[in-house]
Amino acid sequence: MAFEGDKKLRKKLLIKFTKKKKGSVAILLTLLFISIAITFFAIVEGAGRMALKSTAEASYDLAGRSILSMYDRDLLERYRLFAFQADNNVLKEYLEIFANSTIESKDMSGGKSRIRSFETSAYSITNPDNFMAELNGLMGKVIVENILSSAASNFKDFEEQINEKEEVENSTEQMLNDLEEAQKKEYEEKDSESSEGDENEDSEGEEEEDSEGMSLFDVVRAQAKIRNIISRYTDYEPESKDTAVLKNSAIIDDLPSAEAGCKRNTAFSGVGNIISKFSNGISPETIKEDVYINEYIMKFFENHLKEHDEEKSLFHNEVEYILYGSYSDADNYKKAHRSIFMIRTASNMVYLLTNPEKRAEIMATAEVLTPGPWAKLTYLLIITAWSSVEAANDMKNLEMKNSVPIIKTDKTWKTNWDGIIEGLMEGVIELDEGHMDYDNYLRILLMTEEKNTKLYRIMDLIQINMKGSFRSDFLMEDHCVGFSFKADVSKKNFSNGFIKNKGDFTVDMSHTYVNLIEGNYYDKSDKNF
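## Some details on unusual backbone geometry
Turning to step 1, where the next piece is worked out: In this structure, Arg80 takes a positive phi of about 60° despite not being glycine.
Turning to step 2, where the next piece is worked out: Considering the arrangement of structural elements, one finds Arg80 in the loop between helix H2 (73–79) and strand S1 (84–85).
Turning to step 3, where the next piece is worked out: Despite not being glycine, Lys401 shows a phi value in the positive range, around 70°.
Turning to step 4, where the next piece is worked out: Take Lys401: it is sitting in the loop between helix H14 (375–399) and helix H15 (417–421).

Below is the structure:
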């Protein structure tokens, strides 16, 4: 009986122990299962969040490009510029709709985003840096190659002219020396004769007349005739059929150049600008930007010699407006004409002063007109007058769309002093040498203009022409070349719904047309280039 009792007791203890062990295993397995589940859901949640972040960034990148696709078609077609009209509230709403259409899809387990900030002010196209960035991408490699090719051709012509000039100087150097020797002997003989003949003359007569018997009145009259020739050509104002004048004060006040405080230029402003440029230093980047701006101007805007399309442009002399900023079309051309005339006069003076044959001819003429000490002043007056007459002929050739080289040679010099005195130089003597036509002289003037002034006046013309051709409410300041924004993105988790406050992460992004342009967006085979 005792044995059986022990057996029953052991059985009871075994059953009790087994039940306790089964409970422990269950607890252990439960804890293990929970750990595995937590790890699994953490991995899933983390992977989901990583996928959402990647998707959100891609969605906002695509949405941003969609916003950029809302550019002004007329502005692009007319001036090859990318810009959209900025309305921050509308653009912000569109951006959220475009991005959330993907982020909130079921495939993304219910992500959600909200744009915290949206900024366009730093991307206004009226900012010179933004405008210049577009031009840098727009003008591109093809334009540079064309310019370099043209410059090489011009340099070749320039080199040929220099060589020809050196040959002329070498061949006439000996002749000049002989002439100077002969003149020296002649002066010595005249001085000797004059000193003997003047011993019995009274002192009053000596003061009034020089060694050749020419009175001071005769000297002044002879020099006045030369000054009249100079005045006739330097004070000349060309006739212009361009009568457009911008008078609307509301339109003028809204112009980018007016808001930036750009001052109107005179025909002499370029001298001060070029001095300022050299004093501040000229870097290769500055030269490149100037070339890009100038070539854009010459390609997309009219000048005095181009055909005027009144339906598209208010001003005919648009390049001239960029140079001088007058609201009178005729006034801008007059200033450009005078500036080029001064360039031609100075260049012609250099030719006369460095050409031995012409220099000797002028000195001989000065000695005949005003012998004695007055001859040197007359010499300078004749050089100025002759250069001005030649410059007037140069301007007539430029207006005929002919080319006038910067440096003249005997072959390209067209006037003579005798003809000037006799009044035979009133017509035009045709000249067409090299590549320096009216357009290229405008390029020279553009190189003297300050960069930001050119950019603001380009904007002026675009705004004026877009108002007249497309939309009367068009303003450059309302257009932007890009934008930036910050968006908070959240993902629905398994317990708390959408996470509040700043979200799980932030998308901080900017979009500009410059990136597209630099990525060879433009077709360089386009006929506009």
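## Let's talk about helix H17 (residues 451–469)
Turning to step 1, where the next piece is worked out: Relative to the 27 Å expected for 19 residues at 1.5 Å per residue, H17 spans 27 Å between its end C-alpha atoms, a close match to the ideal helical length.
Turning to step 2, where the next piece is worked out: Looking at where H17 begins, the residue whose side-chain oxygen comes 3.2 Å from the main-chain nitrogen of Asn452 is Glu450.

## Considering the sheet that holds strand S4 (residues 482–491)
Turning to step 1, where the next piece is worked out: Taken in spatial order, the 3 strands make up an open sheet running S2-S4-S5, and their pairing is antiparallel. Here the strands that pair on one side only, and so sit at the sheet edges, are strand S2 (111–119) and strand S5 (505–512). Strand after strand, the sheet turns through a mean of 25° between neighbouring axes, direction not considered.
Turning to step 2, where the next piece is worked out: Alignment of S4 against S5, held across 8 bridges, turns out to be antiparallel. By the bridge assignment, Phe483 is partnered in S5 with His511.
Turning to step 3, where the next piece is worked out: Running over the sheet, helix H3 (residues 88–103) touches S2 and S4 and is turned about 155° from S2.

## Observations regarding the pattern of salt bridges
Turning to step 1, where the next piece is worked out: One pass over the full model with this rule turns up 13 salt bridges.
Turning to step 2, where the next piece is worked out: A salt bridge links Arg443 to Glu295; the nearest nitrogen and oxygen atoms lie 2.7 Å apart. Here Glu295 lies in helix H10 (residues 284–300) and Arg443 lies in helix H16 (residues 438–448), a separation of 148 residues in the sequence.
Turning to step 3, where the next piece is worked out: Residue classification places Arg443 among the partly exposed residues on the basis of a relative accessible area of 25%.
Turning to step 4, where the next piece is worked out: A relative accessible area of 14% means that Glu295 is categorised as buried.
Turning to step 5, where the next piece is worked out: The closest approach of N and O atoms between Arg457 and Glu449, which form a salt bridge, is 3.7 Å.
Turning to step 6, where the next piece is worked out: Taking the relative accessible area as the measure of exposure, Glu449 reaches 4% and is therefore buried.

Procedures and definitions
Residues numbered from 1 in each chain as written. Predicted model: local features only at pLDDT ≥ 70, side-chain atom pairs only at ≥ 80, totals over all residues. Heavy atoms only, no water. Helix = DSSP H or I, 4+ residues; strand = E, 2+ residues; numbered from the N terminus. Expected span 1.5 Å × (residues − 1). Polar contact = N/O pair within 3.5 Å; in protein donor to acceptor, adjacent residues only side chain to side chain. Pairing = 2+ DSSP bridges. Axes fitted to C-alpha atoms, helices over the stretch in contact; angles between N-to-C directions. Contact = heavy atoms within 4.5 Å. Salt bridge = Lys/Arg side-chain N within 4 Å of Asp/Glu carboxyl O. Buried < 20%, exposed > 50% of the residue type's maximum accessible area, 1.4 Å probe, protein only.

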